[in-house]
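# Geometric and topological summary
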Amino acid sequence: YLAAAHVGLHTMVNEHFGIGVVEFMAAGVIPVAHRSGGPLMDIVIKHKGQDVGFLAETEEEYASCISKVLNLEPAKRRKICEIGRDRVNQFSNEEFLNRFKKLSKSVIFPGKR
């Protein structure tokens, strides 16, 4: 049922990560998330120069963002969903392990690449 939605609403303030937002994007749903915590810092950020969703704080901002999503041209909506699905790959176990190894090496062997 999630994939049939156009908007994924996430209102938790200062959530440390926001796996629900990532799940929206993986399902091809455009997130409207609170402008704080993980969604702000790590998830709903431009990917390849494109928007993957929207951030809001006030009731008015949420309403405006939801309206934007619902009034997008179908091609633009599909593009945001595609970019969002691609962005989700950044949160895979494989990607996490690759980044962890790279950062660990930089601490253990500073100055080497």
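Residues numbered from 1 in each chain as written. Predicted model: local features only at pLDDT ≥ 70, side-chain atom pairs only at ≥ 80, totals over all residues. Heavy atoms only, no water.

This next bit is on a nonpolar patch on the surface. A surface patch of nonpolar side chains, about 340 Å² in accessible area, is lined by Val 107, Ile 108 and Phe 109. As for its position among the elements, Ile 108 is in helix H5 (residues 93-108). (Patch = residues over 30% accessible without salt bridge, like charges linked within 9 Å, V, L, I, M, F, W, Y side chains within 5 Å. Areas by Shrake-Rupley, 256 points an atom, 1.4 Å probe, with all protein chains shown as cover. Salt bridge = Lys/Arg side-chain N within 4 Å of Asp/Glu carboxyl O. Helix = DSSP H or I, 4+ residues; strand = E, 2+ residues; numbered from the N terminus.)

Here we take up the sheet that holds strand E3 (residues 54-56). One open sheet holds the three strands; their spatial order is E1-E2-E3, and the pairing between them is parallel. Of all strands in the sheet, those bounded by a partner on one side alone are strand E1 (7-10) and E3. Each strand axis lies, on average, 20 degrees off the axis of its neighbour in the sheet, ignoring direction. Of the strand pairs in this sheet, strand E2 (residues 30-34) and E3 are connected by three bridges, and their pairing is parallel. Across the sheet, the residue bridging to Val 32 is Phe 54, located in E3. (Pairing = 2+ DSSP bridges. Axes fitted to C-alpha atoms, helices over the stretch in contact; angles between N-to-C directions.)

This structure, assessed with the given rule, holds two aromatic pairs. Relative to Phe 91, the ring of Phe 17 lies with its centre 5.3 Å away and its plane at 75 degrees, an arrangement referred to as edge-to-face. Of this pair, Phe 17 sits in the loop between E1 and helix H1 (19-26) while Phe 91 is found in the loop between helix H4 (74-88) and H5, placing the two residues 74 residues apart along the sequence. Here Phe 91 falls in the partly exposed class, since its relative accessible area comes to 25%. (Phe/Tyr/Trp six-rings, centres within 6.5 Å; stacked < 30°, edge-to-face > 60°. Buried < 20%, exposed > 50% of the residue type's maximum accessible area, 1.4 Å probe, protein only.)

Counting through the fold element by element, His 34 comes out in strand E2. By relative accessible area, His 34 is classed as buried at 8%. Side-chain polar atoms of His 34 contact the side chain of Ser 36, separated by 2.8 Å. When near neighbours in sequence (up to four residues on either side) are disregarded, His 34 contacts His 10, Thr 11, Met 12, Val 13, Pro 39, Leu 40, Leu 55, Ala 56, Glu 57 and Tyr 62. (Polar contact = N/O pair within 3.5 Å; in protein donor to acceptor, adjacent residues only side chain to side chain. Contact = heavy atoms within 4.5 Å.)

Across the two faces of E1 the burial differs, with Gly 8 and His 10 buried and Val 7 and Leu 9 not buried at all. Both E1 and E2 contribute to a ladder of four bridges, which runs parallel. Within E2, the position partnered with Gly 8 by the bridge is Pro 31. The parallel pair E1 and E2 is bridged by H1, and the resulting crossover is right-handed. (Right-handed = clockwise from strand over helix to strand, strands pointing away.)

The subject of this paragraph is unusual backbone geometry. Phi is positive for Asn 14, close to 55 degrees, though the residue is something other than glycine. Tracing the sequence through the fold places Asn 14 in the loop between E1 and H1. One non-glycine residue, Lys 48, lies in positive phi territory at about 55 degrees. With respect to the helices, strands and loops of the structure, Lys 48 is situated in the loop between helix H2 (37-43) and E3. By relative accessible area, Lys 48 is classed as exposed at 63%.

A few words now on the pattern of salt bridges. In this structure the tally under the stated criterion is five salt bridges. The partner of Arg 35 in a salt bridge is Glu 57, with the nearest N and O atoms 3.2 Å apart. Here the residue Arg 35 occupies a position in the loop between E2 and H2, and Glu 57 occupies one in the loop between E3 and helix H3 (59-70), the gap between them amounting to 22 residues. In this structure Arg 35 comes out as partly exposed when scored by relative accessible area, which is 29%. With a closest N to O distance of 2.9 Å, Lys 48 and Asp 86 form a salt bridge. Remark: Asp 86 occurs in helix H4 and Lys 48 occurs in the loop between H2 and E3; sequence separation between them is 38 residues. Counted as one network, the salt bridges with shared partners bring together Arg 35, Glu 57 and Glu 61.

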